[in-house]
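In case you want the letters, here they are:
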Amino acid sequence: MAEPQTATCPQCSLTISPEDTIVFGFGLLGHLDCRRPRVLSDEERILLVIYCRDHQVAECVGCTGRFYLREVTSLDLGVRAYKCPWCHTDLTDSIRAHLYGCAMLPEEVRGRARAARETARSLVKRSHQLLEAADLARREAEAALHALRATIRQSPSRRVG
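The following paragraphs examine the structure supplied in this document. (Residues numbered from 1 in each chain as written. Predicted model: local features only at pLDDT ≥ 70, side-chain atom pairs only at ≥ 80, totals over all residues. Heavy atoms only, no water.)

Below, the discussion takes up a nonpolar patch on the surface. A cluster of nonpolar side chains, contributed by Leu145, Leu148 and Ile152, occupies part of the molecular surface with about 260 Å² of accessible area. As for its placement among the helices and strands, Leu148 is situated in helix α4 (residues 107-154). Overall, the relative accessible area of 47% leaves Leu148 in the partly exposed class. (Patch = residues over 30% accessible without salt bridge, like charges linked within 9 Å, V, L, I, M, F, W, Y side chains within 5 Å. Areas by Shrake-Rupley, 256 points an atom, 1.4 Å probe, with all protein chains shown as cover. Salt bridge = Lys/Arg side-chain N within 4 Å of Asp/Glu carboxyl O. Helix = DSSP H or I, 4+ residues; strand = E, 2+ residues; numbered from the N terminus. Buried < 20%, exposed > 50% of the residue type's maximum accessible area, 1.4 Å probe, protein only.)

Right, let's get into the pattern of salt bridges. According to the stated counting rule, one finds 11 salt bridges in the structure shown. Notably, a salt bridge pairs Arg96 with Glu44, separated by 2.9 Å at the nearest N-O pair. Note that Arg96 is positioned in helix α3 (residues 92-101) and Glu44 in helix α1 (residues 42-51), a separation of 52 residues in sequence. Side by side, Arg96 and Glu44 carry an identical accessibility label, which is buried. Note that Glu118 and Arg121 form a salt bridge whose closest N and O atoms lie 2.9 Å from each other. Note that Glu118 and Arg121 are positioned in helix α4 at a spacing of 3 residues, about one turn of the helix.

Note that all results are geometric; they support no functional claim without further evidence.
Structure follows, in structure tokens:
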């Protein structure tokens, strides 16, 4: 029996999680950055620079430090990374949580940002559901064909006339 299919990134062939940051085009979903599937999107980074550059945006669970964006942003191989300057814990989730709850963002902007993120997550979930439904339909068709072949082999009157 075949394994259930999941949405995979066409670049890296890894499973796409609803928490991953995705790009989509030509009918395919993919990771924005395959090396860091949960990296902040361009839009999230822009909102942080516009609305959050003058206050703390991250809290490290490892060392309990609180940081401004400029303190945790680094370019790692040309990709923005957000790590604790003390213990090097990835702070992406903490920054994202701050962004979607930050009172400095106008409510309309914050609401649209949440809606965009939720819609992307929903798209990934739906793609998984569609693949599962297609896999189920394929297995049902295979079972029906197998049953038909078994019936043909057992048929007592296979006359050529």
